[in-house]
Amino acid sequence: MVKVIGLTGGIGSGKTTIANYFNELGVPVYIADDAGKKVMQFESVKTQIKTTFGDALFENEILNRAKLAEIVFNNADKLAELNAIVHPAIKKDFELWLQEKASFQYVIYEAAILFESGRYKDCDVIITVTAPEEIRIERVVKRDNTTREQVLSRMKMQWNDEKRISLSNFVINNSNLKIAKEEVVKILKILNIKQNQS
Ligand SMILES: CC(C)(COP(=O)(O)OP(=O)(O)OC[C@H]1O[C@@H](n2cnc3c(N)ncnc32)[C@H](O)[C@@H]1O)[C@@H](O)C(=O)NCCC(=O)NCCS
Ligand SMILES: Nc1ncnc2c1ncn2[C@@H]1O[C@H](COP(=O)(O)OP(=O)(O)OP(=O)(O)O)[C@@H](O)[C@H]1O
């Protein structure tokens, strides 16, 4: 049966960058952030968001993600309510995706909140991507054209590296991308994953 590698790390650590490299080497990758964006367009999910957070978050049926972020990343209870709506839909979407990958040895499930959501329990192997906090903040401020305060408010809702590492099989230090990519190749060797497997 296909095995699931959970790939996690705090905001801005470089999870998606590392996941994309696994993909280049032939391991199928599922990005939970992207799935979140997809399922939030489903009518059933939109309806629940409207019921919980109000119609005003939608303009012409389009969700104002920045407004919702402002609410949930400053209030842990509200974030838990949003997670309770969106996470079951992501789980279903992932299970459907996984069915199509039955011929592979391994797939990657990439999620910032793999531990916080409990989804790590469904993984066979767990990898945490790390980078110093200040570098992560700088990267996200640059990538999203956001503020340090906004990044910090998301970080506060996530586990710290010490906790993540304690439950991980592998840690990839992504301070330097070239070295991090070498770690990816080493992990593939250890897990006996053929590059461009199928
Ligand atoms: C609040 C929302 C609309 C903000 O959207 P936005 O486009 O600004 O951010 P995006 O979804 O691209 O996430 C960017 C980063 O924020 C952090 N983040 C997102 N959701 C969460 C969360 N529930 N808990 C902690 N951190 C989170 C992660 O580091 C993530 O990589 C969105 O993040 C959301 O719907 N979150 C709840 C669903 C979820 O958990 N998605 C992520 C699955 S890993
Ligand atoms: N080793 C690196 N050196 C320099 N920049 C990097 C490195 N790794 C990633 N980046 C850049 O940092 C930013 C954050 O990386 P990425 O989007 O992969 O992080 P993430 O952990 O997936 O973030 P999020 O939790 O917000 O989804 C991106 O703009 C990416 O191009």
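This is a predicted model, so every value here is computed, not measured.

Thresholds, definitions, all that
Residues numbered from 1 in each chain as written. Chains lettered and ligands numbered in written order. Predicted model: local features only at pLDDT ≥ 70, side-chain atom pairs only at ≥ 80, totals over all residues. Heavy atoms only, no water. Pairing = 2+ DSSP bridges. Helix = DSSP H or I, 4+ residues; strand = E, 2+ residues; numbered from the N terminus. Axes fitted to C-alpha atoms, helices over the stretch in contact; angles between N-to-C directions. Contact = heavy atoms within 4.5 Å. Phe/Tyr/Trp six-rings, centres within 6.5 Å; stacked < 30°, edge-to-face > 60°. Buried < 20%, exposed > 50% of the residue type's maximum accessible area, 1.4 Å probe, protein only.

Moving on to the sheet that holds strand 5 (residues 106-110). Strand order across the open sheet formed by five strands is 2-5-1-6-7, with parallel pairing between neighbours. The sheet terminates laterally at strand 2 (29-31) and strand 7 (170-173), the two strands that pair on one side only. Recorded for the sheet is a direction-independent mean angle of 20° between the axes of neighbouring strands. Pairing analysis gives four bridges linking strand 6 (residues 125-130) to strand 7, with the strands arranged parallel. Of the residues in strand 7, the one forming a bridge with Thr130 is Asn173. This element, helix 9 (residues 177-190), spans strand 6 and strand 7 of the sheet and lies at about 160° to strand 7.

For the structure on display, the rule yields seven aromatic pairs. A ring pair is formed by Phe94 and Tyr109, whose centres lie 4.8 Å apart and whose planes are at 70°; its orientation type is edge-to-face. With Phe94 in helix 5 (residues 76-99) and Tyr109 in strand 5, this residue pair connects regions lying 15 residues apart in the sequence. Each of the two residues, Phe94 as well as Tyr109, counts as buried.

Interpretation note: all reported values are geometric properties and have no functional meaning in isolation.
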